[in-house]
Structures are given as C-alpha cells and as structure tokens.
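The residues making up each chain are set out below.
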Amino acid sequence: MAFFERIDAERYLATEYTRGPWDPAAQHAGPPAALLGRAVEERPGARPDMRIARITYEILRPVPIGPVRIATGVLRAGRSTELVEASLFPEGAAEPVMLARALRIRVAGEAVPAVAPGPQLPPPGEVGVTPFFPVPWDMGYHAAMETRFTEGAFVEPGPGTCWMRMKVPLIAGEGTRPLDRVLTAADSGNGISAVVDFGRYLFVNSDLTVHLHRHPAGEWVCVEARTSVDAAGIGLADSVLHDEKGPIGRGAQSLFVAPRA
C-alpha cells in the first residue's frame, strides 16, 4: 500500500491512505503536495545541481481521491535559480485543483560556511506514539502516518510539536525520499497546533508555503507549530520544520476559520 499508485509518467491513482479528516471523498493536502514536489524534481530536463528552496501550494478546490494527472513547466530559468510550476488535475478535468510554484537554487559542495539555525529537539525515540484526533473513517492519512508529540497533542488546544513518519511510501514500488517526507508532513501544522475545537469549528488551509534552507535527512520530520486566529475568521499556522539533526526550514498556512454548520 502507498499514498499513490503510478499509472504512467503523468498520471497516478490516489489510494484511500490520502483521505483527509474533513471529507471522505477528498485528500489530505500533504500527499498531493509531496507528489507535486516530486514532479518538480523529476520533470524532464531538471538540473541535478539545483534543489527546492521554497515551494508554495495553492489549494484551489478539494483534491478528490481517484486518478489524477500532473503537468509541469518552467516559468523562469537562470544560472543560479529557476522557478518551476506544477499543476494537479483530477482525471478528465480541464482545470487544476492544486498548484505548486517552486524556487530551485543551485547548490555547491561546502562553498560557504554553514551556520547552525537552532538546537535539536528531543528525538522521536524518547516519546511515545500519539494518536490522531478522532476521524470517522478507518482508512486515511491518519492511518498512514506515525505521530509522536513532544509538546501538546491533537486533542489539546494550543502550540504543538510533533514528530511524524510515513508508514507507507508516497508511490507504490518506489523509494521514499526525504523531501517526500517533509512535504507530506508540513501541511499538518494547523492540526498539530489547533487553537479551536475541531468538533465545533473548521480551520482549513487553502495554501501552504515551505521554505527549506537545508536538505532533509532521515525518516522523521518534526513540525513545531503555532496558530494565531483573528475574530474575523482568518488564521495563520506557522511551523518550524526539523529533522533529527536540527531545523531545516519553515512552513506557513493561511486558515479559513468558521463555526461548523
């Protein structure tokens, strides 16, 4: 089992493991975000001396579970940077439901001094497995991810720090990459740091931006998240992203917050 099964070079079948907590017919944004990131890195002609430094997703509509197609294109190409766009379409649709724009920057082997951005967090092996908040279906993203909180919990309001690990690969039969792991986890910041009751309020993000100053390593990704909400119903989930060596970047999500009908 995996989040996706490859149909051909551009088409994939989303499995039930992509199902999010809001709608049984819609994907959690984490797996398709990782799939779009993989497409950016694997597109024909992609330069091997560049890597993603920033990727921004626009979630235009709920991403349905089922066959999807991905298209990529280069918006700007330079000696040191390039801007790449990737779009995700449901099977047969003319309009995308999710867009990604990625800034890739040329890298060189230890050309400049490295500056450590912050301390390491307690490793995931020192804390127990933490369950997801109650979800009314068995199969979904919540069943495909292992979660271990060092601060907070899904069912506790306020800031949270959670180590996450994929239990299944992104694409069936293909190796999982560290970038897959980061992009699959980064969209969980608003759930990790929820400040309102999930049973009474919606707090859905329509975008996600991930900045990476260091290439991630290892199986575990930590999302150290804080959420702020204005009384008008606009929120921001801001996350520091870590691997077991230390901070690797940041994630940010704009939130629509409203009482449940």
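This one's a predicted model, so the numbers in the text were calculated from it and none came from an experiment. (Residues numbered from 1 in each chain as written. Predicted model: local features only at pLDDT ≥ 70, side-chain atom pairs only at ≥ 80, totals over all residues. Heavy atoms only, no water.)

**So, the nonpolar core**
Okay, so step 1: Ranked by size, the top nonpolar core spans 55 residues in total, and within it Phe 3, Tyr 57, Met 98 and Met 164 carry the most contacts.
Okay, so step 2: When residues of this core are assigned to their parent elements, the largest contribution, six residues, is made by helix 1 (residues 30–42). (Core = buried A, V, L, I, M, F, W, Y, C linked by side-chain atoms within 4.5 Å. Buried < 20%, exposed > 50% of the residue type's maximum accessible area, 1.4 Å probe, protein only. Helix = DSSP H or I, 4+ residues; strand = E, 2+ residues; numbered from the N terminus.)

**Digging into helix 1**
Given 3.6 residues to a turn, an α-helix orients residues that are three or four positions apart in the same direction.
Okay, so step 1: The terminal C-alpha atoms of helix 1 lie 18 Å apart, and with 13 residues this matches the ideal 18 Å at 1.5 Å per residue to within 8%.
Okay, so step 2: The buried fraction of helix 1 amounts to eleven of the 13 residues, a majority that puts the element mostly inside the structure.
Okay, so step 3: Turning to helix 1, its buried residues number three or more, namely Gly 30, Pro 31, Pro 32, Ala 33, Ala 34, Leu 35, Leu 36, Gly 37, Arg 38, Ala 39 and Val 40. (Expected span 1.5 Å × (residues − 1).)

**Details of the packing of aromatic side chains**
Okay, so step 1: Within this structure, the stated rule accounts for five aromatic pairs.
Okay, so step 2: Here the aromatic cluster, defined as three or more aromatic residues joined through ring pairs, consists of Trp 22, Phe 198 and Phe 203.
Okay, so step 3: Its end group placed over the ring of Phe 89, Arg 69 keeps NZ or CZ at 4.3 Å from the ring centre.
Okay, so step 4: Stacked on the ring of Phe 198, the Lys or Arg Arg 260 has its end atom at 4.7 Å from the ring centre. (Phe/Tyr/Trp six-rings, centres within 6.5 Å; stacked < 30°, edge-to-face > 60°. Lys NZ or Arg CZ within 6 Å of the ring centre and 35° of its normal.)

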